[in-house]
Amino acid sequence: MTGKKIECPAECGMCCLCQPEVLPEERAFFRNNHPDALVKSKGPIPYFALALKKGRGSCVFLQNRRCAVYDHRTAYCRQYPFHLYASDRIHIELDLSCRGAWYGTGSDAVAEAKDLVARADRRIVAALEESKAVYREFYSNCREAGVYQDPSMLRMSVSENISMFTDLAYLSRIMDLSQIEPVMSLQGLQPETRLDMDALEEAGRDLAMDSMSSDDPLSVPVYCDSGWNWNMFMAVDGKIEWMVMDDEGELHHKAFADAADIRLRAPDASGVRVLADYVKVLNGRDSFMGSVFALVDQNGYEDDLANAYYGCMAVTVMDLLWRMSMLDHFMGIGCGEDAVREAIIFYDMDRLDAPAIGAFV
Ligand code: SF4
Ligand code: SF4
């Protein structure tokens with residue numbers, strides 16, 4: 001990982017819409033000074049977290065988009081936009097939903113990441129031990145089922161064929177072949193000659209709509225635009241409602257759209273360049289590979305790892321392009337480099353949240 005340190009623009013605060021976990025050693029400060037701010041999270045494994053305004057807005061400590069307990073903010077607040085993913089090793093991944101990650105002008109990001117690892121040391125050791133065992137079992141199940149492929153070879157084949165994952169005709173072909181070939185390969189792959197745009201549009205729409213179809217505002221995707229508005233999109237019965245959440249957790253209606261009216265846009269040449277960079281990022285992420293493994297595990301080891309990996313990469317790009325098309329429909333962002341960047345800012349947090357066989361520490 002290389003790059004510049006993240007410097008938060010004063011108006012952002014987007015990451016404070018995620019409810020941070022409070023680690024056992026951090027609880028005393030909140031219990032003694034702000035007992036009402038400590039809540040038990042929802043979900044199958046409850047943990048202590050910070051309360052949200054109206055139970056759905058930003059963290060209660062976000063005041064005028066600044067943290068009111070900055071020196072006592074949680075480890076999760078400190079480490080964002082970096083995520084520590086435990087697979088059979090620890091991987092630091094950068095959340096590209098953070099606008100600061102795109103405009104960072106500070107010092108060395110590698111130094112910040114190393115410091116982060118040093119501070120999370122005890123948690124990392126425990127998580128790594130657990131995740132290594134999970135990965136060993138996963139590889140052994142794959143070999144037994146005859147679906148194993150070397151992950152580094154899969155990554156190499158994607159990196160040698162990045163342009164296939166930015167072109168609709170290839171994406172369509174990859175999605176088809178990953179379903180029907182016993183063991184698919186990218187070598188010699190030809191693009192779809194008769195591209196069925198309706199089918200592609202439907203594929204992207206189904207994926208994106210899935211993530212927006214929740215009546216819980218805490219679970220729907222958030223997009224922090226360049227004017228620092230927190231945009232939310234909720235889908236009900238094929239209709240998408242665009243809302244903006246204010247600093248007090250109130251939702252304000254902006255517009256409705258029929259999902260079927262949103263036309264899939266292909267990125268232009270400048271957009272393709274940004275998309276290609278994002279495919280490279282995904283291809284290098286252990287959490288992306290971990291989410292593919294989770295799918296293989298969930299499907300009972302029926303899919304060859306090559307099919308699952310190439311298919312997931314293609315489907316991910318389709319989801320992203322449909323979201324770009326939706327932003328264009330509502331906001332007129334176009335399909336150039338700025339539009340693809342905005343779509344990544346919108347999409348990446350959800351991507352990193354996908355179920356995976358490893359875990360974020
Ligand atoms: S999303 Fe990024 S830029 Fe915005 S407040 Fe969080 S860390 Fe800073
Ligand atoms: S504690 Fe501070 S940094 Fe953390 S989520 Fe709350 S307001 Fe944001």
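Right above here is the structure, for reference.
Please read these numbers as outputs of a predicted model, since none were measured by experiment.

**Student:** Talk me through the site of ligand 1; I want residue IDs and the actual numbers.
**Tutor:** With respect to spatial proximity, the complete set of residues near ligand 1 consists of C8, P9, C12, G13, C15, Y80, C98 and G100. A class-by-class count of the residues in the shell around ligand 1 yields six nonpolar, two polar and no charged.

**Student:** A description of the sheet that holds strand 5 (residues 82–86) should follow, citing residues and the corresponding values.
**Tutor:** The three strands lie next to each other as 6-5-11, forming an open sheet whose pairing is antiparallel. A strand with exactly one partner marks an edge of an open sheet, and here the two such strands are strand 6 (90–94) and strand 11 (359–360). Pairing of strand 5 with strand 6, which is carried by five bridges, proceeds in the antiparallel orientation. Note that in strand 6 the partner of H83 across the bridge is E93. Relative to strand 5, helix 4 (residues 109–119) is tilted by about 50°, and along the sheet it contacts strand 5 and strand 6.

**Student:** Break down the sheet that holds strand 7 (residues 222–224) for me, citing the residues and quoting the values.
**Tutor:** Pairing is antiparallel across the open sheet formed by four strands, whose spatial order is 7-8-9-10. Of all the strands in the sheet, just strand 7 and strand 10 (251–258) have a single pairing partner and so form its edges. Here the strands of the sheet are splayed against their neighbours by 25° on average, with no regard to which way each runs. The sheet contact formed by strand 8 (residues 230–236) and strand 9 (residues 239–245) spans seven bridges and is antiparallel. Bridged to W230 within strand 9 is M245. The sheet strands contacting helix 12 (residues 337–352) are strand 7 and strand 8, and the helix crosses strand 7 at an angle near 135°.

Calculation rules
Residues numbered from 1 in each chain as written. Chains lettered and ligands numbered in written order. Predicted model: local features only at pLDDT ≥ 70, side-chain atom pairs only at ≥ 80, totals over all residues. Heavy atoms only, no water. Near = heavy atom within 4 Å. Nonpolar A, V, L, I, M, F, W, Y, C, P; charged D, E, K, R; others polar. Pairing = 2+ DSSP bridges. Helix = DSSP H or I, 4+ residues; strand = E, 2+ residues; numbered from the N terminus. Contact = heavy atoms within 4.5 Å. Axes fitted to C-alpha atoms, helices over the stretch in contact; angles between N-to-C directions.

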